[in-house]
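Tertiary structure, described
Residues per chain, in single letters:
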Amino acid sequence: MQSDSFSLRSFLEELDREGVLVNIWKPVSCRFQIPAILKKLEPRPVLFHNIVEHSEFRLVGNICADRNIVSRSLNTSANSLRDKIIDAIENPGEINIIENPPCQEIVIDEPDLRRLPFIWTGLNDKAPYISASIIIAYDREYGYNASFHRLMFLDKERVAARIVPRHLYKYIERGVRDVAITIGNHPAFMLASAITTEIGRSELQIASKLAPIKYAKTLTNNLLVPADSEVVLEGRITDEFVDEGPFIDILGTYDAVRKERIIEITCITMRRNPIFQYILPSGLEHKNLMGYPREVAIFKEVSKICECLDVRLTPGGASWLNAVIKIKKKNEDDPRKAIEAAFKAHESLKYVIVVDEDVDIDNPLEVEWAIATRTQLDKDLIVKLGEKGSSLDPSADQITRETCKAGLDATIPLNRDRSKFMKAKIPDVDLKQFLE
Ligand SMILES: [Mn+2]
């Protein structure tokens, strides 16, 4: 069935009608219970109707945990999702602004953040967090930027945001201070905000190409936010820093504690009967949102140098550190070039395996079979010393991020008899004929 309205709320209603959404009516606590239930129910989307500490809110999680559901939310198939994202990045949409948006049905100009369902996820968390928060900022030269940043609760008007040195970080260096933080968004806006392209390419316009998202002006700082957002925090980034974390990141380990900026919230606006949103750290939704756009980026870059058939940031590598790339090899050096292209496209990438078109890259056993039967490490292994890797990898140098990367060509050499490498065919039977 096709979506015609593009808010989180209308999409949830659609999933509910089809029996895909899990409704939890019994009371649940923000302290550990919501994350634990989401983990157990992955990849199904879950709507919590009764939060013990926050009766004002419902809360949704796992909305992007299943790639088929993400594809459906954009009225596309899992196979076409990549092309749709590439098209949206290359041909962004228009910004459509409306007055009196749903996200401003309730206005709280004396904000008290204790009213919001910050969540305790792991036993060693320093404080409760908001994890589905997207920060929107505007720079005179670069225009709008939207990106995910987890928020650590500090007090009734202040949070600390983890700001990785990417676009928002650069905006702040250039003097930008006003922000709007939006929570409770349609998957199109979530996915667009998770994409890292060149600075100056507006995620708001990428989102509006993915789906007809409408925007509205914030009340206090003249920024644009999705008009159908469930909750918007308007505020200012300060020059005050605080220890942020410990908090769990995509690898499932605790991220390092760093000095991060404090954001002061000056106004909160919401829809009536607001639905809060939470992304389970290191859960499938987190991995899809962070990993999928990087798969697209790797696919684009590898496609420049050879025929790339598919890319997977493997779940075993937390959908972040390890990639398997399927190519149609035409030249003996295609795999090596593909490995270099992949490292160029995704800076955090650590290990890359290149396979031929007959290998199912979603099946780790098949990938291992390709490694076992098609590689000679003295020829097929590329080791890259002293590279800059992921800040999340506990085995890398924790200060310089220096790490050792490797690529493995697990394709069949072109000068060898290909038939020797192919799986032998055993004729199939219909078991029913033999089991009666
Ligand atoms: Mn950006």
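Everything quoted here is computed from the prediction, not taken from an experiment. Per-chain numbering applies: the sequence of each chain, read as written, is numbered from 1 onward. Under the rules for a predicted model, residues below a pLDDT of 70 receive no local features and side-chain atom pairs below 80 are neither given nor counted, while totals for whole chains, interfaces and linings still include all residues. Side-chain calculation: all heavy atoms of the structure are included, whereas hydrogens and water are not.

Now for the domain arrangement of the chain. Much of the literature gives interface size as the accessible area that the parts lose upon coming together. Domain annotation of the chain identifies domain 1 (64-279) and domain 2 (285-417). The split of the chain into domains comes from an automatic or database domain assignment. A C-alpha centroid distance of 30 Å is found between domain 1 and domain 2. Note: buried area is the sum, over both parts, of the accessible area (probe 1.4 Å) each one loses when the two are combined. Summing both sides of the interface, domain 1 and domain 2 together bury roughly 2,300 Å²; the carbon and sulfur share of this comes to 62%. Sorting the residues of domain 1 by area buried against domain 2 places Arg67, Arg82 and Ile250 first, and these three jointly supply 34% of that buried surface. Salt bridges are defined as contacts in which a side-chain nitrogen from Lys or Arg sits within 4 Å of a carboxyl oxygen from Asp or Glu. Across the domain 1-domain 2 interface, the total number found is 3 salt bridges. Note that Glu90 is salt-bridged to Lys300, the shortest N-O span being 3.5 Å. In protein, a polar contact requires one atom able to donate a hydrogen and another able to accept it; more generally it is a pair of N or O atoms within 3.5 Å, and residues adjacent in sequence count only if both atoms are side-chain atoms. Along the contact surface separating domain 1 from domain 2 lie 8 residue pairs in polar contact (both at pLDDT 80 or more). At the level of elements, helix H4 (81-90) and helix H6 (187-194) are the ones that each hand at least two residues to the side of domain 1 that touches domain 2. By the criteria applied, helices consist of DSSP H or I runs no shorter than four residues and strands consist of E runs no shorter than two, each listed in order from the N terminus. Considering every element that reaches the side of domain 1 that touches domain 2, the biggest residue donor is H4, with 5 residues. Here the nonpolar group is Ala, Val, Leu, Ile, Met, Phe, Trp, Tyr, Cys and Pro; Asp, Glu, Lys and Arg are the charged ones; every other residue, Gly included, is treated as polar. Split into classes, the residues belonging to the side of domain 1 that touches domain 2 amount to 14 nonpolar, 3 polar and 9 charged.

On to a negative patch on the surface, then. Residues enter patches when their relative accessible area tops 30% and they take part in no salt bridge; the joining distance is 9 Å for like charges and 5 Å for the nonpolar side chains Val, Leu, Ile, Met, Phe, Trp and Tyr. Per-residue and other accessible areas were derived by the Shrake-Rupley procedure at a 1.4 Å probe size, with only the shown protein chains allowed to occlude residues. Charged residues are defined here as Lys and Arg on the positive side and Asp and Glu on the negative side; His and the ends of the chain fall outside this count. By convention, charge coordinates are those of NZ in Lys, CZ in Arg, CG in Asp, or CD in Glu. Where like charges cluster on the molecular surface, the negative patch consists of Asp109, Glu110, Glu157 and Glu264. Mapped onto the elements, Glu264 comes out in strand S14 (residues 258-270).

Moving on to the pairing of strand S9 (residues 158-161). In this structure, strand S8 (residues 151-155) lies alongside S9, joined through 4 bridges in antiparallel fashion. Directly across from Asp155, in S9, lies its bridge partner Arg158. In this description, strands pair whenever DSSP reports at least two bridges between them. Relative to S14, S9 runs antiparallel, the two sharing 3 bridges. Of the residues in S14, the one forming a bridge with Val159 is Ile263.

Let us look at the sheet that holds strand S19 (residues 381-388). Taking strand neighbours across the sheet as the criterion, the 5 strands line up as S16-S17-S18-S20-S19 in an open arrangement whose pairing is mixed. Each edge of the sheet is formed by a strand with only one pairing partner; in this case those strands are strand S16 (307-313) and S19. Here the average twist between neighbouring strands, direction ignored, is 20 degrees. Simply put, an axis is a line fit to the C-alpha atoms, just over the touching stretch for a helix, and the angle between two N-to-C directions goes from 0 to 180 degrees.

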